[in-house]
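Structural overview for review
Now for the letters of each chain:
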Amino acid sequence: MPDSAYPAMIDILRDFLDDLASASLDETTIGALTADLSDWRGRLEPLKAGEDERMFGRVDDVPGHGQVMCPAFAIEEQDATSVRATVSFGDYFLGGNAAAHGGAVSLLFDEVLGIPANSGPAMMARTAYLHVNYRAITPMNRPLTVTATLYAVEGRKRFVRGELKDGERLCADADGLFLELLPGQQ
Ligand SMILES: CCCCCCCC/C=C\CCCCCCCC(=O)SCCNC(=O)CCNC(=O)[C@H](O)C(C)(C)COP(=O)(O)OP(=O)(O)OC[C@H]1O[C@@H](n2cnc3c(N)ncnc32)[C@H](O)[C@@H]1OP(=O)(O)O
């Protein structure tokens, strides 16, 4: 698979979504864009593949793993029980009043808390709950710090806490339970 070109293509797609979200469009531009996008739908449709053959979200060693669903975060530090990363919410993730959408913040926590929850050799763990507290607005288009720490393991249960900060200011925190899947569990 051409992994080398794929992350750059995803970066452009992210920039495109930010540009689209922040633009005021006239009818001519909307028509042209609709035609281009439907042309691309036609080209991609025959390439449909099963989960294991897809690249979206499955490219190792690049921020965001090659997907645009969640803001891309760059891991700065990681050990067996914790992770610290830098993230920036582009215009695509705007909620309102210059604040990031709450759902995008939750999505980020699910991804980042999932890292220490899945860092061991045991079976993969899946989110059972994710409790998010929005403490202050999450600002757009600037580097924020997101952290997650595995603080308890009880049988199959892995408890993880996380924080999203703008400098010293706490924007949101989260508490998640991840459950280790049983062998053969879907
Ligand atoms: C941006 C996109 C990028 C794409 C990237 C792709 C590749 C990336 C690769 C790698 C990334 C790694 C990062 C991933 C992170 C994200 C993970 C997710 O978002 S997962 C999807 C969301 N979650 C579900 O869909 C779960 C749906 N629920 C279930 O499947 C089951 O409910 C499950 C497995 C969670 C538990 O079911 P049971 O049957 O195995 O276990 P039971 O018996 O119900 O519970 C066991 C114990 O846990 C407690 N428990 C279960 N759920 C609980 C809850 N919600 N609250 C409290 N306790 C709970 C129970 O009370 C029980 O406790 P007692 O043993 O009796 O003490």
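Residues numbered from 1 in each chain as written. Predicted model: local features only at pLDDT ≥ 70, side-chain atom pairs only at ≥ 80, totals over all residues.

Remarks on the nonpolar core
How we decide: By definition, a nonpolar core groups buried Ala, Val, Leu, Ile, Met, Phe, Trp, Tyr and Cys residues that connect through C-beta atoms lying within 7 Å of each other. Neighbour density around each residue's C-beta defines its exposure: 20 or more other C-beta atoms within 10 Å make it buried, 12 or fewer make it exposed, and counts between make it partly exposed, where C-beta atoms are placed from the backbone. By the criteria applied, helices consist of DSSP H or I runs no shorter than four residues and strands consist of E runs no shorter than two, each listed in order from the N terminus. Note that contacts rest on C-beta atoms placed from the backbone: two residues are in contact if these are within 7 Å.
In terms of nonpolar packing, the biggest core is built from 26 residues, with F73, V105, L108, F109, V112, L113 and V146 touching the most fellow members. Going through the elements one at a time, strand 2 (82–87), helix 3 (102–117), strand 5 (125–134), strand 6 (144–154), strand 7 (157–166) and strand 8 (169–180) are the ones with two or more residues in this core. Of all the elements, helix 3 adds the most residues to this core, at six residues. Discounting residues that sit within four places of it in the chain, V112 has contacts with F73, V83, A85, V146, A148 and G162.

Structural notes on the site of the ligand
For clarity, the cut-off: Here, nearness means that the C-beta atom of a residue, built from backbone geometry, sits within 6 Å of the molecule or strand in question. Residues are grouped as follows: Ala, Val, Leu, Ile, Met, Phe, Trp, Tyr, Cys and Pro are nonpolar; Asp, Glu, Lys and Arg are charged; every other residue, Gly included, is polar.
Taken together, 19 residues lie near the ligand, and G57, M69, C70, G114 and A128 sit nearest. Of all the elements in the fold, those that place two or more residues in the shell around the ligand are helix 3, strand 5 and strand 8. Counting residues per element, the shell around the ligand draws most heavily on strand 5, which supplies four residues. For the shell around the ligand, the class distribution of residues is seven nonpolar, seven polar and five charged.

Describing the sheet that holds strand 2
Keep this limit in mind: Here the rule is simple: two strands pair whenever DSSP picks up at least two bridges between them. Axis lines are fitted through C-alpha atoms, for helices just across the contact stretch, and the angle between N-to-C directions can take any value from 0 to 180 degrees.
In space, the six strands of this open sheet follow the order 1-2-6-7-8-5, with antiparallel pairing throughout. Single-partner strands in this sheet number two, and they are strand 1 (73–78) and strand 5. For this sheet the average axis-to-axis angle between neighbouring strands, irrespective of direction, equals 20°. Most of the contacts of helix 3 go to strand 5, to which it runs at about 135°, and overall it touches strand 1, strand 2, strand 5, strand 6, strand 7 and strand 8.

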